[in-house]
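# Notes for the structure review
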Amino acid sequence: MAVEELQSIIRRCQILGEQNFKEDDFGLFQLAGQRCIEEGYIEQLLEILQNEKNKVIVKHMGWNLVGPIVRCLLRNDKKDDERKVYFLMLDLLVKLCNPKELLLGLLELIEEPSGKQISQIILLLLQPLQTVIQKLHNNKAYSVGLALSTLWRQLSLLPVPYLKEHAQTDDYGLCQCCTALIEFTKPFVEEVVHDKENSPENEKLKDELLKFCFKSLKCPLLKAQFLEQSEAGNDPFRCFASEIICFLSAIGHPFSKMIFNHGRKKRTWDYLEFEEEEDKQLADSMASLAYLVFVQGISIDQLPMVLSPLYLLQFNMGHIEVFLQRTEESVFSKGLDLLENCLLRIEDNSLLYHYLEIKSFLAVPQGLVKVMTVCPIETLRKKSLAMLQLYINKLDSQGKYTLFRCLLNTSNHSGVEAFIIQNIKNQIDISLKRTCNNKWFTGPQLISLLDMVLFLPQGAETDLLQNSDRIMASLNLLRYLVIRDNENDNQTGLWTELGKIENNFLKPLHTGLNMSKAHYEAEIKNSQEKSQEVQKSKDLCSITIGGEDLPKMPPEMQLKVLYSALFTFDLIESVLARVEELIEVKTKATSEENIGIK
């Protein structure tokens, strides 16, 4: 019988004394105790553990029983009375056993599970783990750091709820764990606060807590979605974030000092010896902190009110860049929100061009372009477009000019280039309406910009269909310039450069249109012939355009695609004809005026 076997081992160990315990004794005690649990003799096992005579043996060997007891508690097939006995045994072992061995045993148990059991075992063992650490007097900071690192590593494996409904159901228990983790950490934060002597051990404990706060800002808070302000009281992630920010202040690192110093050569936490992987987290953590303060408004009342909007934008742009570099929608959407929050504080045309010399001020609009062109979610694409337009509006004239050149060189996307060209047109229009012309959107500076716009990248061989948005925007800009700027005034410099524009843009476009229309008309004829054969076999057919095979599709759909391309070419051709007609009318009228003057 397992109970008798366990009692026999205990009697033998009582005779030996604790200094003579051998490794075999530990193993036999564990096996016998585990058999008691497996065979259901849990009440008898509890009596043995409670026996004062067995206190020394339990202190040295009892921690081996924690694992079997915890695994039983995680099972759902135990009755309430049985669970009560298991909890009594666990509490007793935590009270009696060697805390150092027990700490390692508890952390090993926390590292074992996966999936939904991660949160279950963390919620079960946080209180025992806290009790064990508080019993340790030597190297407490190391123990706290080891525990927090293990807990965070396991929590980082859990999926972060993306929708409000997911956070409410909390299927994986992450929200519950965040709340429990705050309660676990509070006593250690209070210990740091109440230690007025700032002992070396206390400083080490501060460092471990600071590392934990950094990690928490990255996971789960970087990906966490927050509820509306009206529901803030019921938002577990907001509560977790608020407590983390409070912890930072309590241990001597108020968030205002941290985010203002981040990125400088000498940071307030440089004395910390972060591991390489931990150091890489700092940018994400600081970006997360900036979002929590400026967008969610957590502890924002602690910021100095004298800070200018331009200053706030300047140091937040680095954080926004970090957000936009990520691929997770829940992360880069925060970058959009933080950018909007900063830009709305700034007056239009007040952001001076020299800010674009700062890396992030060019990287952010390029990040917006990436979201606009790659993100699968339409609302985020539209938000990125709106933020890019808002950013353009805030720049001064030279800044706008510089950004336009940059994006025309780097976007490699016809739709984005069309958007930039439309903005160029708007700036020219504003400039021409002013009594004092803006030198960046008239004269020689504008000609340099038009050289980037009014040309075909591969001449007549350019793929007109793929570049149709850009070409239409360029033609509309040219039409506007011809109508708005008279040849005698030549404010934009257009008429001086007209010969170059014709050679680089209009003539190659004519040739390209003729080639493209002939190619697609031939493809339509070929497709119509194929469709008759396909109708007999009820099969799909393929088509080749520009040397690339389109996906196989029914003949009717193929014809729609081809006719749609022809329609695009006709549209471009009609605008091109109108532009050339306007140029002819303007140059003829100017010639007649000059003759009349003579």
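Residues numbered from 1 in each chain as written. Predicted model: local features only at pLDDT ≥ 70, side-chain atom pairs only at ≥ 80, totals over all residues. Heavy atoms only, no water.

### Points about the overall build of the protein
When you go through the protein residue by residue, the secondary structure sums to 25 helices and two strands. With 598 residues in all, the protein has 49% of them scored as buried. A fraction of 73% describes how many contacts in the protein between residues 6 or more apart in sequence connect residues 24 or more apart. (Helix = DSSP H or I, 4+ residues; strand = E, 2+ residues; numbered from the N terminus. Buried < 20%, exposed > 50% of the residue type's maximum accessible area, 1.4 Å probe, protein only. Contact = heavy atoms within 4.5 Å.)

### So, the nonpolar core
Proteins that are soluble and globular tend to have nonpolar side chains buried together. Counting residues in each nonpolar core, the largest one holds 178 residues, and the members touching the most others are Leu129, Phe184, Leu475 and Leu509. Top contributing element to this core by residue count: helix H25 (residues 555–597), with eleven residues. Other than its neighbours up to four places away in sequence, Phe184 contacts Leu126, Leu129, Gln130, Ile133, Ala147, Leu148 and Leu151. (Core = buried A, V, L, I, M, F, W, Y, C linked by side-chain atoms within 4.5 Å.)

### Thoughts on helix H23 (residues 468–484)
Here H23 contains 17 residues, and its C-alpha end-to-end distance of 24 Å stays within 8% of the 24 Å for a straight helix at 1.5 Å per residue. In terms of burial, H23 is a largely internal element, twelve of the 17 residues being buried. (Expected span 1.5 Å × (residues − 1).)

### Some words on unusual backbone geometry
The linkage connecting Cys219 with the following residue, Pro220, adopts the cis geometry, with an omega of 15 degrees. Position of Pro220 relative to the elements: it lies in the loop between helix H12 (200–218) and helix H13 (236–250). Look at Asn412: it is not a glycine, yet its phi comes out positive at around 50 degrees. Inspection of the secondary structure puts Asn412 in the loop between helix H20 (397–410) and helix H21 (414–433).

### Notes on the packing of H20 against helix H22 (residues 443–453)
The contact between H20 and H22 brings their axes to 10 Å, and the two run at 20 degrees. As summarised for this structure, H20 and H22 are arranged roughly parallel, according to the angle between their axes. Crossing handedness for the pair H20 and H22: left-handed. For the pair H20 and H22, the contacting residues are Tyr401, Phe404, Arg405, Leu408 and Asn409 in the first and Gln445, Ser448, Leu449, Met452 and Val453 in the second. (Axes fitted to C-alpha atoms, helices over the stretch in contact; angles between N-to-C directions. Parallel < 35°, antiparallel > 145°, perpendicular 65-115°, else oblique. Left-handed = near helix turned anticlockwise from the far one by under 90°.)

### As for the packing of helix H7 (residues 99–111) against helix H9 (residues 140–155)
The interhelical angle for the contact between H7 and H9, taken along N-to-C directions, is 10 degrees, at an axis separation of 10 Å. Comparing their axes, H9 and H7 come out roughly parallel. Residue-level inspection shows Leu103, Leu104, Leu107, Ile110 and Glu111 of H7 in contact with H9, the latter providing Ser143, Leu146, Ala147, Thr150, Leu151, Arg153 and Gln154. Residue composition of the contact of H7 with H9, grouped by class: seven nonpolar, three polar and two charged. (Nonpolar A, V, L, I, M, F, W, Y, C, P; charged D, E, K, R; others polar.)

### Here we look at the pattern of salt bridges
Within the structure shown, the criterion is met by 21 salt bridges. Its salt-bridge partner being Arg153, residue Glu111 comes within 2.9 Å of it at the nearest N-O pair. A residue pair is termed long-range when its members are at least 10 positions apart, and Glu111 in helix H7 and Arg153 in helix H9 qualify at 42 residues. Close ionic contact of Lys517 with Asp570 constitutes a salt bridge, the shortest N to O distance being 3.2 Å. Taken together, the positions of Lys517 in helix H24 (residues 498–537) and Asp570 in helix H25 put the pair 53 residues apart, joining distant regions of the chain. Taking the relative accessible area as the measure of exposure, Asp570 reaches 37% and is therefore partly exposed. Shared partners join several salt bridges into a network, and the residues in it are Lys218, Lys223, Asp284, Arg326 and Glu328. (Salt bridge = Lys/Arg side-chain N within 4 Å of Asp/Glu carboxyl O.)

### Some points on the environment of Leu385
With respect to the helices and strands, the residue Leu385 is situated in helix H19 (residues 378–394). Distance in space between the C-alpha atoms of Leu385 and Leu368 is 7.2 Å, their sequence separation being 17 residues. Ignoring anything within four residues of it in the chain, the contact list for Leu385 reads Met372 and Phe419.

### A look at the packing of aromatic side chains
When we look at a pair of aromatic rings, we describe it by the centre distance and by the angle of the planes. Scanning the entire structure with this criterion turns up ten aromatic pairs. Between Phe226 and Tyr291, the ring centres sit 6.2 Å apart and the planes meet at 40 degrees, which makes this aromatic pair tilted. On the criterion of sequence distance, the pair formed by Phe226 in the loop between H12 and H13 and Tyr291 in helix H15 (residues 276–294) is long-range, its members being 65 residues apart. For the ring pair Tyr355 and Phe361, a centre distance of 5.4 Å and an interplane angle of 35 degrees mean the geometry is tilted. Each member of the pair, Tyr355 as well as Phe361, is classed as buried. These aromatic residues form a ring-pair network of at least three members: Tyr401, Phe404, Trp440 and Phe441. (Phe/Tyr/Trp six-rings, centres within 6.5 Å; stacked < 30°, edge-to-face > 60°.)

### Observations concerning H13
With 15 residues, H13 extends 21 Å between its outermost C-alpha atoms, agreeing within 8% with the 21 Å of an ideal straight helix rising 1.5 Å per residue. Regarding H13, its N-cap is Asp235, as a side-chain oxygen of that residue lies 3.1 Å from the backbone nitrogen of Phe237 further along. The positive-phi residue at the C-terminal boundary of H13 is Gly252, with phi of around 95 degrees. (Polar contact = N/O pair within 3.5 Å; in protein donor to acceptor, adjacent residues only side chain to side chain.)

### Quick word on a negative patch on the surface
Residues Glu43, Glu47, Asp80 and Asp81 make up a contiguous surface patch of negative charge. Counting only elements with at least two residues in the negative patch, the list comes to helix H3 (42–50) and helix H6 (80–96). Take Glu43: it is sitting in helix H3. A relative accessible area of 53% places Glu43 in the exposed class. (Patch = residues over 30% accessible without salt bridge, like charges linked within 9 Å, V, L, I, M, F, W, Y side chains within 5 Å. Areas by Shrake-Rupley, 256 points an atom, 1.4 Å probe, with all protein chains shown as cover. Lys, Arg positive; Asp, Glu negative; His and termini not counted. Charge placed at Lys NZ, Arg CZ, Asp CG, Glu CD.)

### Structural notes on the confidence of the model for the protein
On average, residues of the protein score 85 in pLDDT, and 85% of them reach the 70 mark or higher. Per-element confidence in the protein is highest for H19, whose mean pLDDT is 97, and lowest for strand E1 (residues 541–545), whose mean pLDDT is 53. (pLDDT = per-residue confidence, 0-100.)

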